[in-house]
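An overview of the molecular structure
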Amino acid sequence: MHSKQTVKYICEQYPSGNCYYFKQEMITTESWDDVSSLQWGRKRPITQKTFEKRKQEGYRIIETFIQQEPAVVLPFRKLT
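Before going into details, it helps to say that this report is about the structure given with it. Small disclaimer: the values here were computed from a predicted structure and weren't measured. Note on numbering: residues in each chain are counted from 1, in written sequence order. For a predicted model such as this one, the threshold for reporting local features is a pLDDT of at least 70, and the threshold for listing and counting side-chain atom pairs is 80 or more; totals across whole chains, interfaces and linings nevertheless cover every residue. As a convention, hydrogens and water are excluded, and side-chain values are obtained from all of the structure's heavy atoms.

Only DSSP runs of H or I with at least four residues qualify as helices, and only runs of E with at least two residues qualify as strands; both kinds are numbered from the N terminus onward. Mapped onto the elements, Ser37 comes out in the loop between strand 2 (19-28) and strand 3 (38-40). Excluding its chain neighbours within four sequence positions, the residues that come into contact with Ser37 are Ile27, Thr28, Thr29, Glu30 and Ser31. We call two residues in contact whenever any of their non-hydrogen atoms come within 4.5 Å of each other.

Judged by how many residues are buried, strand 1 (residues 7-13) sits mostly within the fold: six of seven residues are covered. As paired elements, strand 1 and strand 2 share seven bridges and run antiparallel to each other. Bridged to Cys11 within strand 2 is Tyr21. Between any two strands, pairing holds if DSSP finds at least two bridges. Two successive antiparallel strands, strand 1 and strand 2, enclose a turn made up of five residues, where Gly17 displays a positive phi of approximately 100°. In this sheet, strand 5 (residues 60-65) lies alongside strand 1 in parallel orientation, the contact comprising six bridges. Bridged to Ile10 within strand 5 is Ile62. Residue exposure (1.4 Å probe, protein chains only): buried if accessible area is under 20% of the type maximum, exposed if over 50%, otherwise partly exposed.

Side-chain pairing between opposite charges can occur once the charged atoms of the two side chains come close. When a carboxyl oxygen of Asp or Glu is within 4 Å of a side-chain nitrogen of Lys or Arg, the pair counts as a salt bridge. Following the criterion strictly, the structure yields four salt bridges and no others. For Glu57, the salt bridge is made with Arg54, and the minimal N-O distance between the two is 3.1 Å. Of this pair, Glu57 and Arg54 both sit in helix 1 (residues 48-57), separated by three residues, roughly a single helical turn. Of the residues examined, Glu57 reaches a relative accessible area of 33% and is grouped as partly exposed. Using a relative accessible area of 19% as the deciding quantity, one classes Arg54 as buried. For Lys55, the salt bridge identified is with Glu63, shortest N-O distance 3.5 Å. Assessed through its relative accessible area of 36%, Lys55 is described here as partly exposed.

Following this line, the structure appears as structure tokens:
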């Protein structure tokens, strides 16, 4: 179980209105006493309910707005 100092909850909002929620935990490759070995692990998907619950409990929250250009559609010619 991680403490409030070793976990963060992330909300990524997109222009479409979609929101994606993640949990990210601090991990170590050596020892918790060796500060240089600490790093953030992989983002893991969570539910909105979990995100809101942790926000109320006072965990570290990061809310970001992702602004991306629309994908470019490449036309392919039909092979006959």
